[in-house]
Amino acid sequence: MAASGKDTSAPRTTAQIEADIAGSRDRLAATLDELAMRVHPATVAAQTKAKVRAAVEQKAGRAYVAASGAAEQVRSKFVDEDGRPRVERVVPAALVGVGVVLLIAAARRRRKG
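Q: An account of the overall build of the protein is requested, with residue identities and associated values reported.
A: Of regular secondary structure, the protein possesses three helices and zero strands. Starting at the N terminus, the α and β elements of the protein follow one another as α-α-α. Computed over the C-alpha atoms, the radius of gyration of the protein is 36 Å, more than 25% above the 13 Å expected from 2.2 N^0.38 for a compact globule of 113 residues. For the protein, the spread of C-alpha atoms along the three principal axes comes to 100 × 45 × 20 Å.

Q: Which residues make up the environment of R111, and what values do they have?
A: Within the secondary structure, R111 is located in helix α3 (residues 87–112). As a C-alpha pair, R111 and D26 span 85 residues in sequence and 79 Å in three-dimensional space.

Q: Summarise the pattern of salt bridges; cite the residues concerned and give the values.
A: Taken as a whole, this structure holds six salt bridges when the rule is applied. Across the salt bridge formed by E72 and R75, the nearest N and O atoms sit 3.9 Å from each other. Highlighted residues: E72 and R75, both in helix α2 (residues 41–78), separated by three residues, approximately one helical turn. Residue E72 is classed as partly exposed on the basis of its relative accessible area, which comes to 43%. Taking the shortest distance from any N to any O, the salt bridge between E81 and R86 comes out at 3.8 Å. Overall, the relative accessible area of 18% leaves R86 in the buried class. Beyond isolated ion pairs, a larger network of salt bridges with shared partners links D80, D82 and R84.

Q: Tell me about the packing of helix α1 (residues 14–39) against α2, residues and numbers included.
A: Two elements in contact, α1 and α2, have axes whose closest approach is 4 Å; the angle formed by their N-to-C orientations is 55°. In terms of axis orientation, α1 runs oblique to α2. Mapping the contact onto sequence places M37, R38 and V39 in α1 and P41, T43 and V44 in α2. Of the residues assigned to the contact of α1 with α2, the class counts are four nonpolar, one polar and one charged.

Q: Quick one: what's the story with the environment of R12, residue by residue and with numbers?
A: Within the secondary structure, R12 is located in the segment before α1. Among residues more than four places away in sequence, those in contact with R12 are I17 and D20.

Q: Requested: an account of a nonpolar patch on the surface, with residues and values cited.
A: Together, L28, L32 and L35 make up a nonpolar patch on the protein surface, roughly 290 Å² of accessible area in all. Positionally, L32 belongs in helix α1.

Thresholds applied
- Residues numbered from 1 in each chain as written.
- Predicted model: local features only at pLDDT ≥ 70, side-chain atom pairs only at ≥ 80, totals over all residues.
- Heavy atoms only, no water.
- Helix = DSSP H or I, 4+ residues; strand = E, 2+ residues; numbered from the N terminus.
- Rg over C-alpha atoms; globule rule 2.2 N^0.38 Å.
- Salt bridge = Lys/Arg side-chain N within 4 Å of Asp/Glu carboxyl O.
- Buried < 20%, exposed > 50% of the residue type's maximum accessible area, 1.4 Å probe, protein only.
- Axes fitted to C-alpha atoms, helices over the stretch in contact; angles between N-to-C directions.
- Parallel < 35°, antiparallel > 145°, perpendicular 65-115°, else oblique.
- Contact = heavy atoms within 4.5 Å.
- Nonpolar A, V, L, I, M, F, W, Y, C, P; charged D, E, K, R; others polar.
- Patch = residues over 30% accessible without salt bridge, like charges linked within 9 Å, V, L, I, M, F, W, Y side chains within 5 Å.
- Areas by Shrake-Rupley, 256 points an atom, 1.4 Å probe, with all protein chains shown as cover.

What follows is the structure, encoded as structure tokens:
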């Protein structure tokens, strides 16, 4: 018994050797085709595009979660546990918002006229 684990006592025929070579050639051709497909520019571009898309979607998901958390924190400042607005906080915030809008409008008028 040889190191390869095959019984080498009976000599192989030419047909067996040619069949082994043909099988090896077919396996090698399949391997080369697969390698060519893996390194083809279109395949590499598609894989890179998929990785970038996944990274962007992950970042967008994290940003959405962060924005939702921030919005919920702001909302909790202006609404009580029962969902009713906290007038003592809403009115001053609304007045500040109106003041900012008026300042912006006044600044634009000064630039135009």
